[in-house]
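Here are the chains, one letter per residue:
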Number of protein chains: 2
Amino acid sequence: MRIGILGGGQLGRMMGLAGLEMGLEFHFYDTAADAVAGQVAPLTVGAYNDWEKLQAFAAGCRLVTYEFENVPLETAQFLRQQGAEVFPPPLALEVAQDRVVEKTFLQGLGIPVPLFHAVLTKNDLLEGLERTGYPAVLKTRRLGYDGKGQALIGGPGETERAWEELGGQPLILEAFVAFEREVSLIAARGRGGQTAFYPLTENWHRGGILRQSEARPVGLEGLFAEACGYATRLLERLEYVGVLAIEFFVVGGAGSPAGTRLVANEIAPRVHNSGHWTQNGAGTSQFENHLRAVLGWPLGSTGARGQAAMLNLIGVQPSPTQVLQIEGAHHHWYGKAVRAGRKVGHVNITADSPQQLQERVGRVKALLESLA
Amino acid sequence: MRIGILGGGQLGRMMGLAGLEMGLEFHFYDTAADAVAGQVAPLTVGAYNDWEKLQAFAAGCRLVTYEFENVPLETAQFLRQQGAEVFPPPLALEVAQDRVVEKTFLQGLGIPVPLFHAVLTKNDLLEGLERTGYPAVLKTRRLGYDGKGQALIGGPGETERAWEELGGQPLILEAFVAFEREVSLIAARGRGGQTAFYPLTENWHRGGILRQSEARPVGLEGLFAEACGYATRLLERLEYVGVLAIEFFVVGGAGSPAGTRLVANEIAPRVHNSGHWTQNGAGTSQFENHLRAVLGWPLGSTGARGQAAMLNLIGVQPSPTQVLQIEGAHHHWYGKAVRAGRKVGHVNITADSPQQLQERVGRVKALLESLA
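The rules behind each value
Residues numbered from 1 in each chain as written. Chains lettered and ligands numbered in written order. Predicted model: local features only at pLDDT ≥ 70, side-chain atom pairs only at ≥ 80, totals over all residues. Heavy atoms only, no water. 1 Å grid on protein atoms, 1.4 Å probe; cavity = no way out; pocket = protein on both sides within 12 Å on 5 of 7 lines; lining within 4 Å. Points joined across faces, edges and corners; volume = space filled by probe spheres on them. Helix = DSSP H or I, 4+ residues; strand = E, 2+ residues; numbered from the N terminus. Nonpolar A, V, L, I, M, F, W, Y, C, P; charged D, E, K, R; others polar. Contact = heavy atoms within 4.5 Å. Buried area = accessible area lost by both parts, 1.4 Å probe. Salt bridge = Lys/Arg side-chain N within 4 Å of Asp/Glu carboxyl O. Polar contact = N/O pair within 3.5 Å; in protein donor to acceptor, adjacent residues only side chain to side chain. Core = buried A, V, L, I, M, F, W, Y, C linked by side-chain atoms within 4.5 Å. Buried < 20%, exposed > 50% of the residue type's maximum accessible area, 1.4 Å probe, protein only. Pairing = 2+ DSSP bridges. Axes fitted to C-alpha atoms, helices over the stretch in contact; angles between N-to-C directions. pLDDT = per-residue confidence, 0-100. Phe/Tyr/Trp six-rings, centres within 6.5 Å; stacked < 30°, edge-to-face > 60°.

Here the focus is empty space enclosed by the protein. The gaps left among the atoms become clear once a water-sized probe is rolled over them. Tallying each qualifying case throughout the model produces two cavities of 30 Å³ or more. Among the secondary structure elements, those contributing two or more residues to the lining of the largest cavity are helix 1 (10-20), helix 9 (278-281), helix 10 (286-295) and strand 17 (329-333) of chain A together with helix 1 (10-20), helix 9 (278-281), helix 10 (286-295) and strand 17 (329-333) of chain B. Looking at the lining of the largest cavity residue by residue, the classes come out as twelve nonpolar, 18 polar and six charged. Taken as a whole, the second largest cavity spans an internal volume of roughly 30 Å³. Around the second largest cavity sit Glu182(B), Val183(B), Asn203(B), His205(B), Glu247(B), Phe248(B), Phe249(B) and Asn265(B), which together line it. Those elements that provide at least two residues to the lining of the second largest cavity are strand 10 (181-189), strand 12 (201-206) and strand 14 (242-251) of chain B.

Spelled out as structure tokens, the structure:
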């Protein structure tokens, strides 16, 4: 059975490798001829509105899924009209592609989100700032990723600069959340409605790019049930099929009267960078579970096997020998050319105890810092 | 870096998938155009003495390894002359390809083997039977696999039939070993001489074909050190680089004066069917560790993660849904056409306890029996 995947980056590549192990066949579709998934399965290079190419692509696949959330909605709908099953459902794309739609949708489900205000004109921005106060963050409604398309407004004097940078397109103003920690939940829902949740993962970003993830973070055990509750509402409302990630801010610490709680930052209707540790640290990887879900197969165990963490390789290429001489380190490399700021691989780290994990993570970080 | 692999069956395919995850590139060489590794990387179809094709193959690879032990020795040597590094060393092929050479070699290292006798003529056979007594097993010296090229001689009246079946080629007569259980050890040795051993695996054959493997078999814990000792001698004497399997008979039970001990049956200088459970049940799979070894990279953890077993899919194609609804089951499928007696996939089963493993293995076996 051949599965079509829209997008041929590392997420698609890793999904393909997980599926080839189960005897599945793949066909990728990407706008770039050097998309790295093309190294593991056939790749059609075309625009997302090249209907002729998309028609041929759909004809060869019983099922189409995607590895990124910015697939145009009309592309997904066109493939459905061509007779291909498309999962996750296009509604999830619609919700995830626009930050105002996304936050409105989450709010409607009773999932806490930062105070936000839709901004088209400069007047909207000033109105919004009266609601949010300072600091606030102005973001594009669409196509932002890895911290791109965002401007922090620390005080009234910074409004003009932010507007100059981003104005003239649909924007969203969000109250800045003074978060203590950041976590994500990777959830899966099968065709029959079966759900499964990986343990919470703590994430560290720098320059808007994910640097490090750690499964089962100490001190946040109490938030898992809350996160699963939110995810369940979301998955069911979307009639979701596949793997989905929700990123949360953790706010209000021990000193807060309300106690620690979660505020949703964004959702990704796909496998997610913060779930890469599952390749070596869980009963079933997020890639395999996404495929199982969209194929209507039973989901696999999302339980952690020991402790696990992940460090992204961003614009650096350590030698595999350097990485692998650190016990518990697993080297993942995407077959990309190395460029500054580009995610080119990751290192998963497994261990038997939190202490051992910290020691091993420290050694990998020291290696990466020595190369930066 | 591109790695050439001689042989494009499921072992090569799984090695390729493990390596693609680490950013490696592969090129396979096989005599069959439908070799399944060709589904995951480029495949050259040619004979093992097609020197022109082999030359072009070698030119594209810095390093060549193999997935089966019947690669002609002159092919390995030719590739070396072309400037490619070839691991495991061709000496291992030489030893493993001929049962008399193999047993003589093992014996020379003090590793127990069954009483054996080289047979070219019928007179050799009669001489041999005087030494071994009955029952004995007559086997071809070369190219036997999965129980092919073997005849059991239960008593003098069966000698003629065995000779008619196999006579006229170099043979070996072996005393029949009244074994209690069968185990294998999967060992790895790196370029720098580092060794690592997976836990002992118990194996069950039927019709000469491996059906089931189980890691860390209960009651045989005491034999691990003995097996590692034998493997260490063998790896060092061969100056081995890569993964190697040794199959042993377990003889002499609780009632035996000598106690339980190991008798080597055969070696395979490659990844091995009885090591497939490592894909889901060990810190590092045998496929990844073979690549790490031949590349000169540090070996990964061979420790078991919980309990693990494997059942081969032989001439049957269960639906993935049937397999995966059994908790802890992992579906591996090779992309082959299903034919009677053909290994077309395997199911790895993981569990937290031996009892849970038995229960899950029982469910997978019941499924497979319902399809047979």
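With 29 residues of chain A in contact, the opposing surface of chain B contributes 29 residues. When chain A packs against chain B, the two sides together hide about 2,500 Å² of surface, and 52% of this comes from carbon and sulfur. For the chain A face of the interface with chain B, the top three residues by lost area are Glu21(A), Arg305(A) and Leu324(A), together amounting to 25%. Linking chain A with chain B are zero salt bridges. Summed over the shared surface of chain A and chain B, the number is 13 residue pairs in polar contact (both at pLDDT 80 or more). Secondary structure elements with two or more residues in the side of chain A that touches chain B: helix 1, helix 9, helix 11 (320-324) and strand 17 of chain A. Among the residues forming the side of chain A that touches chain B, the class breakdown is eleven nonpolar, 14 polar and four charged.

Residues Phe26(A) and Phe26(B) are the most contacted members of the largest nonpolar core, which totals 116 residues. Beyond its immediate chain neighbours, meaning those up to four positions away, Phe26(A) contacts Arg2(A), Ile3(A), Ile5(A), Met15(A), Gly16(A), Gly19(A), Leu20(A), Ala41(A), Pro42(A) and Leu291(A).

Residue and element names in this part refer to chain A. Inspection of the secondary structure assignment puts Thr302 in the loop between helix 10 and strand 16 (307-314). Judged by its relative accessible area of 12%, Thr302 is buried. Polar side-chain contacts of Thr302 include one of 3.1 Å to the backbone oxygen of Phe197.

Turning next to the sheet that holds strand 9 (residues 171-175) of chain B. Residue and element names in this part refer to chain B. Sheet architecture is open: four strands sit in the order 6-9-7-8, paired in antiparallel fashion. In this open sheet, the two edge strands, each paired with only one partner strand, are strand 6 (116-119) and strand 8 (150-153). Between one strand axis and the next, the sheet turns through 20° on average, direction left out of account. Taken together, the four bridges between strand 6 and strand 9 define a ladder with antiparallel strand orientation. Bridge assignment links Val119 to a residue of strand 9, and that residue is Leu171. Each of strand 6, strand 7 (136-140), strand 8 and strand 9 is contacted by helix 6 (residues 122-132), which is oriented at about 175° to strand 6, the strand it contacts most. Contacts between helix 7 (residues 159-166) and the sheet are confined to strand 6, strand 7, strand 8 and strand 9, with strand 8 contributing the most and set at about 170° to the helix.

What follows covers the confidence of the model for chain A. Across chain A, the average pLDDT comes to 95, with 97% of residues at or above 70. As a predicted assembly, this complex carries a pTM of 0.95 together with an ipTM value of 0.94.

The next thing to look at is the pattern of salt bridges. Tallying each qualifying case throughout the model produces 28 salt bridges over all chains. As a salt-bridge pair, Glu25(B) and Arg2(B) come within 3.0 Å of each other at their nearest N and O atoms. Taken together, the residues span a long stretch of sequence, with Glu25(B) in strand 2 (residues 25-30) and Arg2(B) in strand 1 (residues 2-6) at a distance of 23 residues. Each of Arg62(A), Glu85(A) and Arg191(A) takes part in one network of salt bridges that share partners.

Before going further, it helps to spend a moment on the environment of Ile209(A). All names here are of chain A. Summarising the element assignment, Ile209 is placed in strand 13 (residues 209-215). By relative accessible area, which is 9% here, Ile209 ends up buried. For the pair formed by Ile209 and Arg342, sequence separation is 133 residues and the distance between their alpha carbons is 9.7 Å.

Take the packing of aromatic side chains next. We describe a pair of aromatic rings using the distance from one ring centre to the other and the angle between the two ring planes. All names here are of chain A. The tally for this structure, following the rule as stated, stands at 16 aromatic pairs over all chains. An angle of 85° between the planes, with centres 6.3 Å apart, marks the rings of Tyr198 and Trp277 as edge-to-face. One end of the pair, Tyr198, is in the loop between strand 11 (195-197) and strand 12 (201-206); the other, Trp277, is in the loop between strand 15 (261-268) and helix 9, with 79 residues separating them in the sequence. Through a chain of ring-to-ring contacts, the aromatic side chains of Tyr29, Tyr48, Phe57 and Phe68 assemble into a single cluster.

We now examine the sheet that holds strand 4 (residues 63-66) of chain A. Residues and elements named next belong to chain A. Across the sheet, five strands lie side by side as 3-2-1-4-5; this open sheet has parallel pairing. Each having just a single partner strand, strand 3 (43-45) and strand 5 (85-86) make up the two edges of the open sheet. The sheet contact formed by strand 4 and strand 5 spans two bridges and is parallel. When the sheet's bridge partners are listed, Leu63 is paired in strand 5 with Glu85. Sitting on the sheet, helix 1 is in contact with strand 1 (2-6), strand 2 (25-30) and strand 4, with an inclination near 170° to strand 2.

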